[in-house]
Amino acid sequence: MSKLVFILPDGTAQTVAAIPDTSAMRHAVDNGLPLDADCGGECMCATCHVHVDPGWFNKLEPAEEQEADMLGVVDDPSPTSRLSCRILMTEKLDGLVLRLPPTHR
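Along each chain, the written sequence defines residue order, and numbers are assigned to residues from 1. Where local features are concerned, this predicted model is filtered to residues with pLDDT of at least 70; where side-chain atom pairs are given and counted, the filter is 80 or more; whole-chain, interface and lining totals use all residues. Remark: hydrogens and water are excluded; side-chain values derive from all non-hydrogen atoms of the structure.

**Q** Explain the nonpolar core to me, and be specific about the residues and the numbers.
**A** Among the buried residues, those of types Ala, Val, Leu, Ile, Met, Phe, Trp, Tyr and Cys that are joined through side-chain atoms within 4.5 Å form a nonpolar core. Note on exposure labels: buried denotes an accessible area under 20% of the residue type's maximum, exposed denotes more than 50%, and partly exposed covers the range between, all computed with a 1.4 Å probe on protein chains only. Core analysis: the largest hydrophobic core is formed by 32 residues, its most contacted members being Leu4, Phe6, Leu83, Ile87, Leu96 and Leu98. Of the residues forming this core, the biggest block, four residues, is contributed by strand S1 (residues 2–7). Those residues within four positions of Phe6 in sequence are excluded, and the remaining contacts are Thr12, Ala13, Gln14, Val16, Ala24, Ala28, Leu33, Leu98 and Leu100. Helix and strand assignments come from DSSP, with helices taken as H or I runs of at least 4 residues and strands as E runs of at least 2, each series counted from the N terminus. Here, residues are in contact when the closest pair of their heavy atoms is within 4.5 Å.

So, in structure tokens, the structure goes:
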């Protein structure tokens, strides 16, 4: 099974098992990580915003228009900002590293 690594705002790394075709947001929520995900993965709130580790960013599918629009309103944006509800795990993403921005609790 693939792994997904979340770096929390305090710098702590949390590695979780990643189920294919399941969003990174769902993995964070199911593992009790401090990611709000208020809209439940509908790409309507941007509370699941993460910074993708630069080495992984180009391995993701490009953001679609709705996600790009939502990224325009996030706190702490970065060039590698994405919504974790739009990152679907695959075997090629085994070891993906996502950082929760400092605005996450």
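Now that the structure is up, let's keep going.
**Q** So what about the pairing of S1? Which residues, and what values?
**A** Judged by how many residues are buried, S1 sits mostly within the fold: five of six residues are covered. In this structure, S1 lies alongside strand S5 (residues 96–99), joined through four bridges in parallel fashion. Paired with Leu4 across the bridge in S5 is Leu96. Should DSSP find at least two bridges between two strands, the strands are taken to pair.

**Q** Got a sec to walk through the pairing of S5? Specific residues and values, please.
**A** Note: strand S3 (residues 49–52) against S5, two bridges, orientation antiparallel. Paired with Val52 across the bridge in S5 is Leu98.

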